[in-house]
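# An overview of the molecular structure
Here are the chains, one letter per residue:
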Amino acid sequence: MSFKSTKKILALLAMATIVLCIFPSIYNSSLLSSKTLTSGEVFRQLNTISTDNALYENESEYQCTAILVGKAASADGSVLVAHNEDDSGKVVDILFVNPSNTPMSLYAYRLTNGTWVYKEPNTLLTVPVPKRTYAFWGAVMPGISFSGRYVNEYGVVIFSNSAGSSREDKPELVNGGIRDLLRLLVVQQAKTAREAVQIIGTLVETYGYGAPARNYIVADLNEAWVVDVVYGKHWVAQRVPDDSIVVIANSFVIRQVNLTDTKNFMGSKDLIDYAIKRGWYDPARDGVFDFAKAYGDPANQASLYNVYRQQTGLYMLTGISYPTNDLPFSAKPNRKLMPQDLMAVLRTVNHVAITQDKYGTSLSGSFHRNLPIRPISPWHNQDSWVVQLRSWLPPIIGVVVWRAANIADENVYVPIYLGMIYSDFPAPYKFADPNKIDLNSAYWTFRLFSVLVDLDYQNRNATVSKYRTTIETELFNLQPYVEEEALKIYNTAGPEVAGKYLAYYTSGVLMKIYTDILEMVRAWQSGA
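The rules we used
- Residues numbered from 1 in each chain as written.
- Predicted model: local features only at pLDDT ≥ 70, side-chain atom pairs only at ≥ 80, totals over all residues.
- Heavy atoms only, no water.
- Core = buried A, V, L, I, M, F, W, Y, C linked by side-chain atoms within 4.5 Å.
- Buried < 20%, exposed > 50% of the residue type's maximum accessible area, 1.4 Å probe, protein only.
- Helix = DSSP H or I, 4+ residues; strand = E, 2+ residues; numbered from the N terminus.
- Expected span 1.5 Å × (residues − 1).
- Polar contact = N/O pair within 3.5 Å; in protein donor to acceptor, adjacent residues only side chain to side chain.
- Axes fitted to C-alpha atoms, helices over the stretch in contact; angles between N-to-C directions.
- Left-handed = near helix turned anticlockwise from the far one by under 90°.
- Contact = heavy atoms within 4.5 Å.
- Nonpolar A, V, L, I, M, F, W, Y, C, P; charged D, E, K, R; others polar.
- Parallel < 35°, antiparallel > 145°, perpendicular 65-115°, else oblique.
- Phe/Tyr/Trp six-rings, centres within 6.5 Å; stacked < 30°, edge-to-face > 60°.
- Lys NZ or Arg CZ within 6 Å of the ring centre and 35° of its normal.

## Comments concerning the nonpolar core
Counting residues in hydrophobic clusters, the biggest one holds 121 residues, and the most contacted among them are Val81, Trp137, Phe291 and Tyr295. Top contributing element to this core by residue count: helix H16 (residues 495-526), with 14 residues. Membership of the second largest hydrophobic core comes to 47 residues, among which are Ile94, Phe96, Tyr207 and Trp235.

As structure tokens, this is what we get:
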């Protein structure tokens, strides 16, 4: 590459930062004269994140919500997947980049003979680190099981929802079974979503799954899959129809299964026979085999905290209010969907069956914690992803994760390009101490911001909404121009230089939003 072309690319990188200056700081000074909270009030609310586990009645009410959209159901032919990561307890969320052929340090141990292995937390299971692994970036909550959200250099995305519990009470496990390592081994080895499903199946059948029940969401630039995994060695996967959507709360969603249709299904060979053997399914009594009915825990499958979220998400995207006792695996949307449509679902606090926001504002204290039935966007939302996967662009450009840090309906969705694998995240996003509130950490800054908004929701939400809408509008308007430049660089200088350009842009936006939020937090705390 010539000095002249290098100089041009550096100029484009500089432009990526300069363009961020168009983003206004939207919050208005009149807002700052609203209710000023004492540090004691704020810290009490922050502490309840880890100490008040009585807010909801059972574990499933703390878990996640996900949406999958086939490429023919989206406005531009993208595969779209979306997810709210909802976790209780003493948690922090950090972003990281893991290079190719590099063991992930959170799980890796080097034996005395020099061999690297992964150790499954809280079990005796160890598995070899694959000899060849792919680069990926992700978000993780250290010490919190099942919290990883990852996307690799080929554009394979994986995250998960708890499925509550299953009927299985006699699991076959090797050294406690595989849990957290499953998604790591997938993202480091899979080039496609289909290959990811196959790896999941092999791992489950080899080691057994060491947790009660889980929905894995995997996708690439062409298709998306749901994988339902049961405690032990049984699993099933279904492809999302290209013209349809799937909404998942915290229960099994796969229903009728046809393992002879290998284009659309995969699973344990004895899936149905085992259910018959255990008495969970009787063909004469039950008719057509229904996986969710046969393997799922009946109480969890019927829980309002699950069915209301699934019903509401389906309604917002299809216009149909499906009965809560017969929610479909997939449905066709009533319009071609854009990322903003999925953001709206992940931000909702209301349900088809109940309008809740009036309760949140009618009571004193935290808005989200006042809501009577756990919403899609809850108090314990740690981050939110809406992923665009576009097959007509190189993955480092065509794969973009729109991420909102913390409660989705109070925070901005920021584009994080896959090109980030050629760089690293800004320092504030890479660390957070669960035992120390520190505004040098992006996690704690966004968490404190959400606390302050929630505690004075009626006065602050309008300004926050205006700020959020303005920034997101500008980011979506900028997207085609940023990507046009990235593609030019890709074609002239290669993927690494194009990736660094996009990483530079991503980092600039991340820091812009962080500093805006930090400024608002400090102003609110000072009562200015």
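So, next bit.
## Regarding helix H14 (residues 442-455)
Every α-helix carries 3.6 residues per turn, so stepping three or four residues along brings you back to the same face. If you check H14, its first and last C-alpha atoms are 20 Å apart, about what 14 residues at 1.5 Å a residue would give, namely 20 Å. With 14 of 14 residues buried, H14 lies mostly within the body of the structure. The N-capping residue of H14, defined by a side-chain oxygen 3.3 Å from the backbone nitrogen of Tyr443, is Ser441.

## Quick word on the packing of helix H9 (residues 304-318) against helix H10 (residues 339-346)
Contact pair H9 / H10: the axes reach a minimum separation of 10 Å and the direction vectors enclose 145°. For the element pair H9 and H10, the recorded crossing hand is right-handed. Residues Gly313, Met316 and Leu317 of H9 form the contact with H10, whose participating residues are Asp341, Ala344 and Val345. Partitioned by chemical class, the residues of the contact of H9 with H10 number 4 nonpolar, 1 polar and 1 charged.

## Brief notes about the packing of helix H15 (residues 457-493) against H16
Between H15 and H16, whose axes approach to 9 Å, the crossing angle comes to 165°. Taken together, the axes of H15 and H16 are roughly antiparallel relative to one another. The interaxial crossing formed by H15 with H16 has right-handed handedness. For the pair H15 and H16, contact is made by Arg460, Val464, Tyr467, Ile471, Leu475, Leu478, Val482, Glu485, Ala486, Ile489, Tyr490 and Ala493 and by Pro495, Val497, Ala498, Tyr501, Leu502, Tyr505, Val509, Ile513, Asp516, Ile517, Met520 and Trp524, respectively.

## Side note on the packing of aromatic side chains
The geometry of an aromatic ring pair is captured by two quantities: the separation of the ring centres and the angle between the planes. Under the definition given, this model contains 20 aromatic pairs. Taking 5.1 Å as the distance between ring centres and 75° as the angle between the ring planes, the aromatic pair formed by Tyr281 and Phe289 counts as edge-to-face. Its relative accessible area of 9% is what places Tyr281 among the buried residues. Accessibility expressed as a relative area gives 5% for Phe289, which makes it buried. Plain terms: the ring middles of Phe367 and Tyr457 are 3.7 Å apart, the flat faces sit at 5° to each other, and that makes the pair stacked. Here Phe367 is found in helix H12 (residues 367-370), whereas its partner Tyr457 is found in helix H15, with 90 residues between them in sequence. Residue Phe367 shares its accessibility class with Tyr457, and that shared class is buried. Aromatic rings pair up to connect Phe252, Tyr274, Trp280, Phe291 and Tyr295 into one cluster. In this arrangement the basic side chain of Arg447 is found over the ring face of Trp379, its NZ or CZ atom lying 4.6 Å from the centre. The ring of Trp524 has Arg460 sitting right over it, with the charged end atom 4.5 Å from the ring centre.

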